[in-house]
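Topology and contacts: notes
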Amino acid sequence: MSDFSLNVREEGDVVIIETAGYLNNVGGEKVSEACYEKMETGKKLFLINLENSKVVNSIGVSILIEIIEKLQDVDGKLGYYNLAPIVEKTFNIMGLTKYSTVYYSEAEGLQGMA
Amino acid sequence: MSPKDAPKVELTLPIIPDMELAATKTAEVIAKHMNLGEEKTAEISMALIEATINAFEHSESDAGNVEIHFVIQADTLVIKVTDKGKGFDPSKVKIPNIEEKLGSDRKRGWGLKLIQELMDTVEFESTPEGTTVTMTKKK
């Protein structure tokens, strides 16, 4: 089984989740658990750094749709940065980019979330 | 080179979590051999992940295997992914969209759409004895 790990930190009101490894069902669940834990403390702005997750599958990405749905209920926002081109293309095909935002750096993401 | 003489690579994958990544490693080597660019290689890998996961899920039991055949033609890579599941009717698979998924209990079901968007052609042959998905990517 592939290893998947994540690091969670905060920059002001924004929660930054840095992932490493294959974003499949296992990875997606870990990301959603981290988001929901922070949402329980009132956080609504999330940025995911996918620099070290260059391989994804649709099951893992589907879990991001679940996160978008939960954030819509609290007027929250989800963004991503450092996506591999194929990951960005996958997000476009699945329509995630209509309801969440792809940024090209952490700084741009933080500015976009403000 | 006629399609009959085209070099072939055959993989048999056991149904084990993440084994689809073994298929992508093979695809990367073949794509490099064919001088496909990075973008096309990544699209092939992503489509292959989805086709293999679908095959794993359609297979009747964990004891089954999924067969993947790569056929290296002069200007086209042909990939066949075969499972021994109970088959399905591709015409009855609903094309997903995110508007319907938001608010629905089932967020999954994107595999076929991704495969169709990422590859040049996709064909399905499905019977009660199994399914073969044939995908092609031109150079």
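An account of the accompanying structure is given in this report. (Residues numbered from 1 in each chain as written. Chains lettered and ligands numbered in written order. Predicted model: local features only at pLDDT ≥ 70, side-chain atom pairs only at ≥ 80, totals over all residues. Heavy atoms only, no water.)

Sheets are built from strands that pair by backbone hydrogen bonding, the pairs being arranged parallel or antiparallel. All names here are of chain A. If you trace the five strands from one edge of the open sheet to the other, you get 1-2-3-4-5, paired in mixed fashion. Only two strands of the sheet have a single neighbouring strand rather than two, namely strand 1 (4-11) and strand 5 (101-103). Averaged over all neighbouring strand pairs, the angle between strand axes comes to 25 degrees, with direction disregarded. Judged from the five bridges that link them, strand 3 (residues 45-52) and strand 4 (residues 77-81) form a sheet pairing that is parallel. Note that in strand 4 the partner of Leu45 across the bridge is Lys77. Helix-sheet contacts for helix 5 (residues 106-113) involve strand 1, strand 2 (14-21), strand 3, strand 4 and strand 5, and the interaxial angle to strand 3 is about 165 degrees. (Pairing = 2+ DSSP bridges. Helix = DSSP H or I, 4+ residues; strand = E, 2+ residues; numbered from the N terminus. Axes fitted to C-alpha atoms, helices over the stretch in contact; angles between N-to-C directions. Contact = heavy atoms within 4.5 Å.)

Taken together, the contact between chain A and chain B spans 24 residues of the former and 26 residues of the latter. Summed over both partners, the interface of chain A with chain B buries about 2100 Å², with 68% contributed by carbon and sulfur atoms. If you look at where chain A meets chain B, you find four salt bridges. We note a salt bridge from Lys89(A) to Glu43(B), for which the minimum N-O separation is 2.5 Å. At the boundary of chain A and chain B, one finds nine residue pairs in polar contact (both at pLDDT 80 or more). Listing elements by their share of the side of chain A that touches chain B, those giving two or more residues are helix 2 (58-73), helix 3 (85-94) and helix 4 (96-99) of chain A. The element that contributes the greatest number of residues to the side of chain A that touches chain B is helix 2 of chain A, accounting for eight residues. Residue composition of the side of chain A that touches chain B, grouped by class: 12 nonpolar, eight polar and four charged. (Buried area = accessible area lost by both parts, 1.4 Å probe. Salt bridge = Lys/Arg side-chain N within 4 Å of Asp/Glu carboxyl O. Polar contact = N/O pair within 3.5 Å; in protein donor to acceptor, adjacent residues only side chain to side chain. Nonpolar A, V, L, I, M, F, W, Y, C, P; charged D, E, K, R; others polar.)

These results come straight from atomic positions and should not be treated as a statement about function.
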